[in-house]
Amino acid sequence: MEQNNEMTIIFDSRSCNEGFARVAVAAFCTQLNPTLEEVADIKTAISEAITNAIIHGYDNQVKKITITCRTENRILYVAVKDEGKGIPDIAKAMEPMFTTRPELERSGMGFAFMEAFMDQVEVESDVGKGTIVRMQKKIGNPQPPFI
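Attention in this report is confined to the structure presented alongside it.

Moving on: the packing of aromatic side chains. Tallied over the entire structure, the rule returns 2 aromatic pairs. Between F11 and F20, the ring centres sit 6.0 Å apart and the planes meet at 80 degrees, which makes this aromatic pair edge-to-face. Ring centres of F113 and F117 lie 6.3 Å apart, and the angle between their planes is 35 degrees; on these two criteria the pair is classed as tilted. Here F113 pairs with F117, and both are found in helix α4 (residues 110-117), just 4 residues apart, close to one helical turn. The partly exposed category is assigned to F113, whose relative accessible area is 32%. Given the relative accessible area of 25%, F117 is considered partly exposed. Above the plane of the ring of Y77 lies R70, whose end atom (NZ or CZ) is 4.1 Å from the centre.

With respect to the helices and strands, I67 occurs in strand β2 (residues 64-72). Residue class for I67 comes out buried when judged on its relative accessible area of 0%. With 60 residues separating them in the primary sequence, I67 and M7 have C-alpha atoms 8.2 Å apart.

Analysis parameters
- For every chain, the first residue of the written sequence is number 1, and numbering continues from 1 onward in sequence order.
- Only residues with pLDDT of 70 or above have their local features reported here, since the model is predicted, and side-chain atom pairs are shown and tallied only from 80 upward, although totals for entire chains, interfaces and linings are computed over all residues.
- Think of the side-chain values as coming from all heavy atoms in the structure, minus any hydrogens and water.
- Planes of paired rings set the category: under 30 degrees apart is stacked, over 60 is edge-to-face and the rest tilted, where pairs are Phe, Tyr or Trp rings (Trp by its six-membered ring) whose centres lie within 6.5 Å.
- Here a strand is any run of E in DSSP of at least two residues, a helix any run of H or I of at least four, and the numbering for each starts at the N terminus.
- With a 1.4 Å probe rolled over the protein chains alone, any residue whose accessible area is under 20% of its type maximum counts as buried; one over 50% counts as exposed, and the rest are partly exposed.
- Any Lys NZ or Arg CZ that is within 6 Å of a ring centre and within 35 degrees of that ring's normal is treated as a charge sitting over the ring.

Right, here's the structure in full:
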């Protein structure tokens, strides 16, 4: 019988914390026994969401980012929340190659990578209030225990 589980972490929007966030979510999802490829996909998607919050949401100001993770049946649910400036046009922001920070040589592929590596990505944003990126990924097929 699988157990559902949940965690929330709150950390400063410093680029050095992006690696911490990746590892924390990867460690949390290990209870679902993911493949190395699934872990790499999740870590990449988390990196993109955190980087977007730091660079676009907060303009590199130090504020708080909240990640909530939940497992339910073999699905990992992740929400990355900032209280930054928000996204005025979510559809435009999610277009591949679109960036609001070309001077930083940003590729504009953050949301495209999130969508490529996760099964579902939803973005909710209020200008002046912040953004929540919700992602989910079904983790493999359960393997019978080794005897």
